[in-house]
Each structure stands twice: as C-alpha cells, then as structure tokens.
Amino acid sequence: SSSVYVSPESASPRRRRAPRKIHFDIRDREQTTEEDTSSQATRCPLVEMAALAVLLLLLLTDRSGGFQQRADFRRRRRRRAVGPSAAEASPSAPPGPADGGPGVPPARVGIIGAGSVALGTASLLGSRGHAPVVYSPSGGGTRERQADGGGLSVRSAGAIEGRFEVGVARSPGDLVRSSGDVLLLALPANGHKRMMELFAPAISERLEGLLDGDARFEVMISSHASLGAVYLMETVRSKLLETHPEEACNNLLGRMRISAWGTTAVTARKTAGDAVNVLTVREAVDFCTVPCTEGTAEDDAASCSALLTRLFGDRFRFRDGGLLAISLSNLNPQNHLGIVLGNMSRMDPAPRPPPVEVGGELRSFPESEPVPWWQGKSITPAVGNLMEALDGERIDIAAALGLELRTIHEHFSWSFHVPMTTPVEGDSAMTRPTTVSEMSQIMHFLG
C-alpha cells in the first residue's frame, strides 16, 4: 500500500485542479482519492517512482484537461476482460508448408538478430517451408559460421519441433542481398536504433537496385518499440538524400514498406548456440504499416497482411490507430516494471558480507545462495494487481488519444493460450474474469 502526491494540472493553463492524494492498495485492488489535507504519508519509494513515471507520461500526453481517476478497479477489470471477437475467435493455422499458392516458391527472409526470438521466428518460418537467414550484431553464436560461410542447423523444441536450416550472413549488406527483399528486425529494443543506422546504407543501395513497378522492399519490426519505424524511414531518407534530389529520394523511399508489430510472433528461450525452445506461437499479433508515400495506407495494409499470412500463418491483425496504437500495444515496459518492482530481492541476491572480528578472530562468511525464481510463478496476486493498475493507465492514455487497444488480459489470453474467465468457486454455472496473477500461474504450471 502506498500514498503518492500528484498535481493533476493540465498542460493547458485554463484548467487546473487542487492536488489530490491517491491511495492505491494492491492487496484489494481498490483506489480512493481524497483532498490533500496533510503532508504526512507513508511512502513506498519503488512504487512511487513507477507511479510518478506513469503520471508524468499522462501529463505530457493529455493536453485537454487531465484524466479522470476511476474509483473501482474491480468494475473496470470486469468490463475490459472480454474475450476476442467472433471474427477473431477462429484458431490460427498450425505451422505447415508455405501457403503462397501453386507455383509460388518459398520466401527468403533476412533476420537481424540471432537470439531467442530470432531463432524462434526462424524456426516458425522454416516449419512453413521458408528460408530464413540470420545476422548476429555481436557475432556471438554465429562467428564460426560467418567465417566459413556456412549456416546453422537449428534444433527447435516445444511449440515447434524439428531441425531447420538457417543461413548466416557475414555483414548487413550480405543479409540485405540474401534476404529476398524481406528483412525482419528481431532483437531487444535497446539494439534497434544502432541496427537501423547500420543497415540504412545497405537498404538504400537495395532500393536503388529495385526495378520500377510493383517491386517492394519489406522491413518488419518485431516487436516495435517507441516510434522506431519513423526513425528508420527518416534514417534511410537521409542516406538517399546524400546522392539523390528530394523527388527521386521520395520515389525510391516509396519502394520500402515498414510493418510494425505490437509483439513478437513467438516467445522462446535459447538453450544453445543452435538450439531454441519455442514456448508459444501467438494466436494473434497486431500490426500496422508505415507507408512512405501518401495515399497508399489501405493497399499497404491489405498486401502486407497477405504477405504476413503467407510467411507466418493467419495470426496477424491490422490495428487501427497506426503507429501510435502499435507503440502503446507493446506491454513489455509496463509488465516487466511490475514484475521487477515486486521481485527485486529475488533478482538481486544479497552480496557476501565482509569479514568481521568475532572473539578476537576474523570471521569470513560464505557466499549467499542465489534464490531460484520463475517469472510466471512470481506474479503473485499483489504483483498481478500492480500490473493490472499500470495497464489501466495505458488504456486511459490510449482512450484520451481516441485509440482502442487490447487489455493485458486479452494479450495474455491470445499470447499464452490461457482462459479469460474461470468458474466461480462453489457455483460452476457462474464465471468471473481470470486475474493476471491466475493467468501467470496457469502459464507457469502448463510450461
């Protein structure tokens, strides 16, 4: 339980309200507000920092007068915890042969990254008959293959089982040339900017080599963070402007299409340099396209959806609201914030204490034993309630911008195949929404 002082002043000077004290008790999911009558409050520094970070984002985003706080979190969770629409309820197609149609050869896909998600995605592509090629930014795990020009024989287990041949590129230019004009960015978000800058020259060169007509160079960002697609587009534009006038630059840039994903197609854990355990293949992934020329948005969405279906199966859903909606659909920042705050002592074990003098002798102590912990199992009811509250703020931000997003409950259900509702204890005819903590426990025990 914590108390945090906030001043919900709008960015507009025309509307201001008196500061309020917000009490949030994560044990019972209740939030109440009252006028600030005292400067004394018991504070939890970590939770306060998280709350202030969210409130700062609110103040920066909301320029129309501030957000109205809701008093009943239980009611909001029940209202939002709804299942997928009937149009989206059909299960996705299982991995199988490439479905591009008669006479359509398997696609070559270049993947920037060689970690867990990259190899898991390569396994998904391989299971559908396609030919992935990876590039490791650090060189770790593929250094020997880069030197001898060979590839990886990836052993995949879990949701996708099999052995798949994956090519290894030696350089950004090598990956772009061998990509079949489909490039997938699949590495942690803190590496996106550097890779976009590193690959911009090779992408620009490839755009110059495309023939006029319907030829396109596809860039897919899995998963999209911040407004990275705009940064990539502008980085490539700047590179093209070095050698082309603006009109020619715009024509060349129009040959590139960027699709931004709200999350990854798979979750995975790398078990060795050439082995990966695919934990789940998501049932639904939201995406949008970033057209480089005006007036092509609808055509881009339709043709990109067809390409994604051919490559990965019927699991991609176009998200209205464009890049801003996709950026706000990425739940990793808020979810892992809640998990870290609630499990800090598990993640950061106590260090070995220094020697002390006891009875005239210097006594040393053994190293502290690390405490094993599992992410899903450690999402206790209190941690789950904090994650739900953070998700409520994300949904509020989106609503203020006129956007409708999937809730954390829908995301967990689509991503990890857990039920949205559970029978009421003592009355099996009644159901209630499954909490985030309960969903996480189900995920943990089902593996």
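A.B. asks: I tried to follow the overall build of the chain on my own but got confused; where do I start?
C.D. replies: Helix and strand content of the chain: 15 helices and 18 strands. Here the contacts in the chain between residues at least 6 apart in sequence split such that 69% fall between residues at least 24 apart. With an accessible surface of roughly 22,300 Å², the chain has 54% of that area assigned to carbon and sulfur atoms.

A.B. asks: Would you mind going over the pattern of salt bridges with me for this structure?
C.D. replies: Opposite charge on two side chains lets them pair, provided their charged atoms get close. Applying the stated criterion to the full structure yields 12 salt bridges. The closest approach of N and O atoms between Arg352 and Glu367, which form a salt bridge, is 3.7 Å. Of this pair, Arg352 sits in the loop between α12 (344-347) and β15 (356-358) while Glu367 sits in the loop between β16 (361-363) and α13 (381-400), and the two are 15 residues apart along the sequence. We classify Arg352 as partly exposed; its relative accessible area is 44%. On the accessibility criterion, Glu367 (52% relative accessible area) is exposed. Glu438 is the partner of Arg432 in a salt bridge, and the nearest nitrogen-oxygen pair spans 2.6 Å. Exposure remark for Glu438: the relative accessible area of 27% places this residue in the partly exposed category. Three or more residues joined by partner-sharing salt bridges are found here, namely Asp286, Arg319 and Arg406.

A.B. asks: Please clarify how the environment of Glu165 should be interpreted in this entry.
C.D. replies: Mapped onto the fold, Glu165 is located in strand β7 (residues 162-168). Here the alpha-carbon distance between Glu165 and Ala131, two residues 34 residues apart in the chain, equals 7.6 Å. If we ignore the near neighbours within four places in the chain, the residues touching Glu165 are Pro132, Leu152 and Ser153. At a separation of 3.0 Å, a polar atom in the side chain of Glu165 contacts the side chain of Ser153.

A.B. asks: I keep staring at the pairing of β7 and nothing clicks. Help me out?
C.D. replies: For a regular strand, the rule is simple: side chains alternate between the two faces of the sheet. In terms of strand pairing, strand β5 (residues 131-135) meets β7 through 2 bridges, oriented parallel. From the neighbouring strand, Val133 faces β7, where its bridge partner is Gly167. Here strand β6 (residues 152-158) runs beside β7; their pairing, made up of 5 bridges, is antiparallel. Bridge pairing in β7 places Arg155 opposite Arg163.

A.B. asks: Help me out: how do you make sense of the side chain of Ser329 in this one?
C.D. replies: Take Ser329: it is sitting in helix α10 (residues 322-329). Ser329 sits in the buried class, given a relative accessible area of 11%. Looking at Ser329, its side chain comes within polar contact range of the main-chain oxygen of Ala325, at 2.7 Å. Excluding its chain neighbours within four sequence positions, the residues that come into contact with Ser329 are Gly262, Arg394 and Leu405.

A.B. asks: Looking at this structure, how should I read the packing of aromatic side chains?
C.D. replies: Two aromatic rings are characterised by how far apart their centres lie and by the angle between their planes. On inspection of all chains with the given rule, the structure shows 7 aromatic pairs. Here the aromatic cluster, defined as three or more aromatic residues joined through ring pairs, consists of Trp261, Phe287, Phe312, Phe316 and Phe318.

A.B. asks: Is there a simple way to think about the sheet that holds strand β8 (residues 182-185) in this case?
C.D. replies: Two pairing modes exist for strands in a sheet, parallel and antiparallel, and in both the strands are linked by backbone hydrogen bonds. The 11 strands are arranged β11-β12-β6-β7-β5-β4-β8-β9-β10-β13-β14 in an open sheet whose pairing can be described as mixed. Strands at the two margins of the open sheet, each flanked by one partner only, are β11 (266-272) and β14 (316-318). Averaged over all pairs of adjacent strands, the angle between their axes in this sheet comes to 30 degrees, without regard to strand direction. With 5 bridges joining them, strand β4 (residues 108-112) and β5 adopt parallel strand pairing. Among the inter-strand pairings, Ile112 is bridged to a residue of β5, identified as Tyr135. Against the sheet, helix α7 (residues 228-241) makes contact with β9 (217-221), β10 (256-261) and β13 (285-290), and its axis sits at roughly 160 degrees relative to β10, the strand it touches most.

A.B. asks: For this particular structure, what's the right way to read the side chain of Ser259?
C.D. replies: Structurally, Ser259 can be placed in strand β10. Given a relative accessible area of 1%, Ser259 falls into the buried group. When sequence neighbours within four positions are dropped, the list of residues in contact with Ser259 reads Val219, Met220, Ile221, Cys288, Thr289 and Cys304.

A.B. asks: Is there a simple way to think about helix α15 (residues 436-446) in this case?
C.D. replies: Structural remark: α-helix, 3.6 residues per turn; residues separated by three or four positions point the same way. If you check which residues of α15 are buried, you get Val436, Ser437, Met439, Ser440 and Met443. Taken end-on, α15 shows its buried residues confined to a sector of 160 degrees, consistent with a single buried face. Summarising the geometry of α15, the exposed residues directed more than 90 degrees from the buried face are Phe445 and Leu446. Where α15 is buried, its residues meet α13 and α14 (408-416).

A.B. asks: Looking at this structure, how should I read the packing of helix α6 (residues 192-209) against α7?
C.D. replies: Geometry of a packed helix pair, given as the angle between the helix axes and the separation of the axes. It is the contact of α6 with α7, at a shortest axis distance of 8 Å, that shows an interaxial angle of 50 degrees. One element, α6, and the other, α7, form an angle in the oblique class. Both α6 and α7 take part in a crossing whose hand is right-handed. For the pair α6 and α7, contact is made by Lys193, Met196, Glu197, Ala200, Pro201, Ile203, Ser204, Leu207 and Glu208 and by Gly228, Tyr231, Leu232, Thr235, Val236, Lys239 and Leu240, respectively. Here the contact of α6 with α7 is composed, by residue class, of 9 nonpolar, 3 polar and 4 charged.

A.B. asks: How should I be thinking about the confidence of the model for the chain in this particular structure?
C.D. replies: Where the model shows low pLDDT, its predicted coordinates should not be examined in detail. Per-residue confidence for the chain gives a mean pLDDT of 77; residues scoring 70 or more make up 73%. Contacts from residues 1-48, a stretch scored under 50 in pLDDT, to residues over four places away or in other chains number 107 contacts.

The rules behind these values
- Residues numbered from 1 in each chain as written.
- Predicted model: local features only at pLDDT ≥ 70, side-chain atom pairs only at ≥ 80, totals over all residues.
- Heavy atoms only, no water.
- Helix = DSSP H or I, 4+ residues; strand = E, 2+ residues; numbered from the N terminus.
- Contact = heavy atoms within 4.5 Å.
- Areas by Shrake-Rupley, 256 points an atom, 1.4 Å probe, with all protein chains shown as cover.
- Salt bridge = Lys/Arg side-chain N within 4 Å of Asp/Glu carboxyl O.
- Buried < 20%, exposed > 50% of the residue type's maximum accessible area, 1.4 Å probe, protein only.
- Polar contact = N/O pair within 3.5 Å; in protein donor to acceptor, adjacent residues only side chain to side chain.
- Pairing = 2+ DSSP bridges.
- Phe/Tyr/Trp six-rings, centres within 6.5 Å; stacked < 30°, edge-to-face > 60°.
- Axes fitted to C-alpha atoms, helices over the stretch in contact; angles between N-to-C directions.
- Arc of directions from axis to C-beta.
- Parallel < 35°, antiparallel > 145°, perpendicular 65-115°, else oblique.
- Left-handed = near helix turned anticlockwise from the far one by under 90°.
- Nonpolar A, V, L, I, M, F, W, Y, C, P; charged D, E, K, R; others polar.
- pLDDT = per-residue confidence, 0-100.

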